[in-house]
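# Geometric and topological summary
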Amino acid sequence: MRCRTAQTWIVAARDGELGERQRRTLDRHLAECGACRAEQVSLEGVLTALDALEPAREVPARLEADVLRQVRGLAADGAAPTWTLPQWVRRGFPAIAATAVVALAVVGVRSSEVAMPDARTKTALAERPRVTAPATPAPAVAKAEAPVVARRAKVRAPAEPPAELASRPDLFVDLPMIRELEKMQHFDAIAAEDSDGGEAPSPNG
Amino acid sequence: MAAPLRAGIEAAAGTATTASSDPDVALMLRVQAGDQGAYRELFAKFAPRILQYARRLVGSEARAEEVTQDVFVQVFRFRDRYRPEARFATWLYTIATNLCLNELRRPERHLRVDLWEKRDEPDDEGPPLPDRDAVDPETGAATRELARDLEAAIAALPPKQRAALLLSRMDGLAYRDVGETLGISEGAVKALLFRATHALKARLKAHM
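Rules and cut-offs
Residues numbered from 1 in each chain as written. Chains lettered and ligands numbered in written order. Predicted model: local features only at pLDDT ≥ 70, side-chain atom pairs only at ≥ 80, totals over all residues. Heavy atoms only, no water. Helix = DSSP H or I, 4+ residues; strand = E, 2+ residues; numbered from the N terminus. Buried < 20%, exposed > 50% of the residue type's maximum accessible area, 1.4 Å probe, protein only. Areas by Shrake-Rupley, 256 points an atom, 1.4 Å probe, with all protein chains shown as cover. pLDDT = per-residue confidence, 0-100. Contact = heavy atoms within 4.5 Å. Buried area = accessible area lost by both parts, 1.4 Å probe. Salt bridge = Lys/Arg side-chain N within 4 Å of Asp/Glu carboxyl O. Polar contact = N/O pair within 3.5 Å; in protein donor to acceptor, adjacent residues only side chain to side chain. Core = buried A, V, L, I, M, F, W, Y, C linked by side-chain atoms within 4.5 Å. Axes fitted to C-alpha atoms, helices over the stretch in contact; angles between N-to-C directions. Parallel < 35°, antiparallel > 145°, perpendicular 65-115°, else oblique. Nonpolar A, V, L, I, M, F, W, Y, C, P; charged D, E, K, R; others polar. Disulfide = S-S within 2.5 Å. Phe/Tyr/Trp six-rings, centres within 6.5 Å; stacked < 30°, edge-to-face > 60°. Lys NZ or Arg CZ within 6 Å of the ring centre and 35° of its normal. Left-handed = near helix turned anticlockwise from the far one by under 90°.

A tally of regular secondary structure across chain B gives nine helices and zero strands. Ordered by position in the sequence, the α and β elements of chain B form the string α-α-α-α-α-α-α-α-α. Taken across its 208 residues, chain B has 50% of its residues classed as buried. Within the structure as shown, chain B displays about 9400 Å² of accessible surface, and the carbon and sulfur contribution to it stands at 51%.

Rendered as C-alpha cells:
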C-alpha cells in the first residue's frame, strides 16, 4: 500500500467509512510505516480540534419569525409550488387578462372594418398614389419583384370617388387604418386569385 | 456533537428510507400534508445546524441568516418535490449547499468582512468558544485561540473542501450523503476530506 493512499484512508477510517478489508490493509501499513503513524497522530489532533468546535448556535427569534411569516403567506396563497406559475405571473394575472381582452377587442374591431369596408372608403382609395412597377423594369430587380408587382396589380381599380370625398381627400387619405385596409384588400385579391386559379394580369393591366 | 445526527442518519440508512425508520421523513410527509406544526418542528431541529453550516460556508453572519431563511422557505415552497426515499437531511443540506455556493459566487461578497477574521478587541460576535468555563485560564485561552485559528483555517479552504468537511465533521453526514449533497462520488469525498484535513493541519502547525 502506498503512503498517499494510507493517509487518505486515515480520515475515512476514523469516520468509520472504510470497509473491513481496507481497514485491515491500512492497519498493516501503519504497523510497518513510521511516517504514516506520525501522520495519523497529527491528523488526529486536527480531527479532535474539529470535533470540539461548536456544532450549532441558537437561531435568532427574528429569523424564525421571518421564516414562519413567509411560510404562512405561502400557505395562504395555496402555494403548491412545483407546478404552479411563478408568483409574479400569478400576481399579474388580472392585468395580463385585462390587457388580453383589450387587445382582442381592438383586433376584432379592426378585422370587422377590414372585412366590411365602406363603399365610400373603397372608392376613395383610388385617389391615393400607387406604387407600380416600371413598364420595362431593370433585369436583375425586375425578376425578383415581378410576381409581387403582378399580385399588387390584381386589386380591382375602384370607381371614381364621390364628388364630396374627392373634394376633401385630406379627411381620410393619410389615415393609417386606411393604409392597412389597402394592404388587406391586396391580400384578399391575392387569395381570391389563388382560389380561382387564374393568371395574374400584367402590371399595366 | 455530530454523533447524534450521524447516528440518526445511519439509523435511517438502507435501501429504502421510510417514514417509520426516519422521524424527519415522517415530519416532512406531515408538512406535505399541510401540517404547519410539523414544519415548525423541522425548523426547530435543523435551523440551528443549517445556520451554523451557512455561517461557516459563506463566512458572514448576515448572509448566513439570509441563506438559512431562503433554505427553509424553499423547503416549504418545494415540499411536494421531496420524496421519502431520500433522507430528509440530505435533501435539506443539498438545498443549503446550493444556496451557499451561489452566495459565494456573488461578486459583492468579496467586499464583505470575514466573520472569522482575527480581531484585537474582545470578540462578541466571533465563533463561540469551547471550554469557556475551563478551570485553568491558560488552557482556556489556548483552546479559544486554537478554536479561532481553526475557524479561520476552515474559512480559507476552497468552497467544496469546506462544504465536504463541514457536512462530514460538523453535521455528521455519512460520506455517501456528502457525495449526494455535493453531486460527487464517495471516493471524491474521501479525497476532498484528505486535502481539507491536510490543509488545516498545515495552518495549525503552531498548535499541534
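Residues and elements named next belong to chain A. Averaged over all residues, the pLDDT of chain A is 69; the fraction at 70 or higher stands at 50%. In the model of chain A, helix H7 (residues 119-124) stands out as the element of lowest mean pLDDT, 46, in contrast to helix H2 (residues 20-32), which has the highest, 93. Confidence drops under pLDDT 50 across residues 116-127; counting only partners more than four residues distant or on other chains, this segment forms 22 contacts. Contacts from residues 197-205, a stretch scored under 50 in pLDDT, to residues over four places away or in other chains number 13 contacts.

Let us now look at the environment of Glu66(B). Its location among the elements puts Glu66(B) in helix H4 (residues 61-77). Considering only alpha carbons, one finds Glu66(B) and Leu99(B), 33 residues apart in sequence, at a separation of 9.9 Å.

Here the focus is the interface of chain A and chain B. Accessible area lost during the coming together of the parts is what is often quoted as the interface size. Taken together, the contact between chain A and chain B spans 44 residues of the former and 50 residues of the latter. Roughly 4300 Å² is buried in total at the junction of chain A and chain B, and carbon and sulfur atoms are behind 64% of that figure. Between the two partners, chain A and chain B, sit four salt bridges. Note that Arg169(B) and Asp51(A) form a salt bridge whose closest N and O atoms lie 3.9 Å from each other. In this assembly, chain A and chain B are joined by eight residue pairs in polar contact (both at pLDDT 80 or more). Secondary structure elements with two or more residues in the side of chain A that touches chain B: helix H1 (3-14), helix H3 (34-52) and helix H4 (61-76) of chain A.

A side chain of one charge can pair with a side chain of the opposite charge when the charged atoms of the two come close. All names here are of chain B. Per the stated rule, a full pass over the model turns up 17 salt bridges over all chains. Linking aspartate 35 and arginine 30 is a salt bridge whose minimum nitrogen-to-oxygen distance equals 3.0 Å. Of the residues examined, aspartate 35 reaches a relative accessible area of 27% and is grouped as partly exposed. Taking the relative accessible area as the measure of exposure, arginine 30 reaches 36% and is therefore partly exposed.

All right, on to the nonpolar core then. Formed by 79 residues in total, the largest nonpolar core has its most connected members in Leu50(A), Tyr39(B), Val71(B), Phe72(B) and Leu200(B). It is helix H3 (residues 36-58) of chain B that provides the largest number of residues to this core, a total of twelve residues. Those residues in contact with Leu200(B) that sit more than four places away from it in its chain are Val46(A), Leu50(A), Leu150(B), Ala153(B), Ile154(B), Leu157(B) and Leu165(B).

At a closest axis distance of 10 Å, the pairing of H3(A) and helix H9 (residues 186-203) of chain B adopts a crossing angle of 90°. Classified by the interaxial angle, the pair formed by H3(A) and H9(B) is roughly perpendicular. Where H3(A) approaches H9(B), its residues Glu39(A), Ser42(A), Leu43(A), Val46(A), Leu47(A) and Leu50(A) are matched on the opposing element by Thr197(B), His198(B), Leu200(B) and Lys201(B). A class-by-class count of the residues in the contact of H3(A) with H9(B) yields five nonpolar, three polar and two charged.

Further remarks concern the state of the cysteines. Residues and elements named next belong to chain A. For the structure on display, the rule yields zero disulfides over all chains. Free cysteine: cysteine 33, not disulfide-bonded; nearest cysteine sulfur from cysteine 36 at 3.6 Å. Given the relative accessible area of 0%, cysteine 36 is considered buried.

Take the packing of aromatic side chains next. Residue and element names in this part refer to chain B. Scanning the entire structure with this criterion turns up seven aromatic pairs over all chains. Ring centres of phenylalanine 46 and phenylalanine 88 lie 5.2 Å apart, and the angle between their planes is 65°; this geometry places the pair in the edge-to-face category. Highlighted residues: phenylalanine 46 in helix H3 and phenylalanine 88 in helix H5 (residues 88-105), separated in sequence by 42 residues. Among the residues examined, phenylalanine 46 registers a relative accessible area of 0% and is labelled buried. Overall, the relative accessible area of 0% leaves phenylalanine 88 in the buried class. Aromatic side chains phenylalanine 88 and tryptophan 91 sit 6.1 Å apart centroid to centroid with 50° between the ring planes, which places their arrangement in the tilted category. With phenylalanine 88 and tryptophan 91 both in helix H5 and three residues apart, the pair spans about one turn of that helix. Take phenylalanine 88 and tryptophan 91: they sit in the same class, and that class is buried. Among the aromatic residues, those joined into a ring-pair cluster are Phe46, Tyr82, Phe88 and Trp91. Positioned over the ring face of phenylalanine 46 is arginine 49, at 5.6 Å from the centre of the ring. Positioned over the ring face of phenylalanine 76 is arginine 79, at 4.0 Å from the centre of the ring.

Looking now at the packing of H5(B) against helix H8 (residues 175-182) of chain B. Residue and element names in this part refer to chain B. One can describe the packing of H5 onto H8 by two numbers: an axis separation of 8 Å at closest approach and a directional angle of 40°. Classified by the angle between their axes, H5 and H8 sit oblique to one another. Here H5 and H8 pass one another in a crossing that is right-handed. Across from Thr90, Tyr93, Thr94 and Thr97 in H5, the residues of H8 making contact are Asp177, Glu180, Thr181 and Leu182. Its residues placed into classes, the contact of H5 with H8 shows two nonpolar, four polar and two charged.

The predicted structure's coordinates, where accompanied by low pLDDT, should not be read in detail. Residues and elements named next belong to chain B. Mean pLDDT over chain B works out to 80, with 74% of the residues at or above the 70 mark. In the model of chain B, helix H1 (residues 3-12) stands out as the element of lowest mean pLDDT, 45, in contrast to H8, which has the highest, 94. pLDDT under 50 marks residues 1-17. Its contacts with residues more than four places away, or in other chains, come to 38 contacts. Long-range and interchain partners of residues 111-125, a stretch whose pLDDT sits below 50, account for 27 contacts in this model, where long-range means more than four residues apart. Interface predicted TM-score (ipTM) for the complex: 0.72; the corresponding pTM is 0.59.

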